[in-house]
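Chain and residue survey
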Amino acid sequence: MAKLLRDAGFPRKTSSVAGPNERKKNLVARFHGTGKQKPVLFIGHLDVVEARREDWTTDPFQFIEKDGYFYGRGTQDMKEGDAILVANFIRLKKKASRRTAISSWR
């Protein structure tokens, strides 16, 4: 995700991956606005909670649909939301870049 942001024009200083160790890192991305409005913070996560088989009534590593519910590790997570955030940051960056280019032609 950090590479996608950098490829879209986000400088390294505004999109970085850092954390206390190799297993616990975070992507932090900043999309600068004009300063006319208050900033907005979006938070997501990509980590997956540890699953111990003995804590589950079904196999956590087997996707099961039962009685209209999904069972399995990560079946109700937010990875699609994280992807949507990154895609929208990229879309907004491209739109802002076009707007800047257009205003500089005037």
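Our subject is the structure that appears above.
The notes below deal with the structure included here. None of the values given here were measured: they were computed from a predicted structure.

1. A word on the overall build of the protein chain
Helix and strand counts for the protein chain come out as two helices and four strands. The helix and strand sequence of the protein chain, counted from the amino end, reads α-β-β-β-β-α. In terms of overall dimensions, the protein chain is more spread out than a globule: its C-alpha atoms have a radius of gyration of 19 Å, far above the 13 Å expected for 106 residues. Its C-alpha atoms put the protein chain at 65 × 35 × 25 Å along the principal axes. Classification of the 106 residues of the protein chain by burial places 13% in the buried group.

2. Let's talk about the packing of aromatic side chains
Applying the stated rule across the entire model yields five aromatic pairs. Ring geometry for Phe-63 and Phe-70: centres 5.2 Å apart, planes at 40 degrees, overall tilted. Clustering of aromatic rings is evident, with ring pairs tying together Phe-10, Phe-31, Phe-42 and Phe-89. Over the aromatic face of Phe-10 sits the side chain of Lys-93, whose NZ or CZ is 5.2 Å from the ring centroid.

3. Points about the pairing of strand E1 (residues 15-21)
In the case of a regular strand, side chains alternate between the two sheet surfaces. Sheet analysis places E1 next to strand E2 (residues 24-29), joined by five bridges and oriented antiparallel. Looking across to E2, one finds that Asn-21 is bridged to Lys-24. With antiparallel pairing between neighbouring strands as the criterion, E1 and E2 make up a hairpin whose turn holds two residues.

4. Topic: the side chain of Ser-15
Mapped onto the secondary structure, Ser-15 falls in strand E1. The exposure class assigned to Ser-15 is buried, which follows from its relative accessible area of 1%. Beyond its immediate chain neighbours, meaning those up to four positions away, Ser-15 contacts Leu-5, Arg-6, Phe-10, Val-28 and Ala-29.

5. As for the environment of Gly-81
Turning to its location among the elements, Gly-81 is positioned in helix H2 (residues 79-105). Separated by 32 residues in the primary sequence, Gly-81 and Val-49 place their C-alpha atoms 17 Å from one another.

6. Quick word on a positive patch on the surface
A cluster of basic side chains, namely Arg-91, Lys-94, Lys-95 and Arg-98, defines a positive patch on the protein surface. Mapped onto the fold, Arg-91 is located in helix H2. Its relative accessible area of 45% is what places Arg-91 among the partly exposed residues.

Definitions and limits used
- Residues numbered from 1 in each chain as written.
- Predicted model: local features only at pLDDT ≥ 70, side-chain atom pairs only at ≥ 80, totals over all residues.
- Heavy atoms only, no water.
- Helix = DSSP H or I, 4+ residues; strand = E, 2+ residues; numbered from the N terminus.
- Rg over C-alpha atoms; globule rule 2.2 N^0.38 Å.
- Buried < 20%, exposed > 50% of the residue type's maximum accessible area, 1.4 Å probe, protein only.
- Phe/Tyr/Trp six-rings, centres within 6.5 Å; stacked < 30°, edge-to-face > 60°.
- Lys NZ or Arg CZ within 6 Å of the ring centre and 35° of its normal.
- Pairing = 2+ DSSP bridges.
- Contact = heavy atoms within 4.5 Å.
- Patch = residues over 30% accessible without salt bridge, like charges linked within 9 Å, V, L, I, M, F, W, Y side chains within 5 Å.
- Areas by Shrake-Rupley, 256 points an atom, 1.4 Å probe, with all protein chains shown as cover.
- Salt bridge = Lys/Arg side-chain N within 4 Å of Asp/Glu carboxyl O.
- Lys, Arg positive; Asp, Glu negative; His and termini not counted.
- Charge placed at Lys NZ, Arg CZ, Asp CG, Glu CD.

By themselves these figures say nothing about function.
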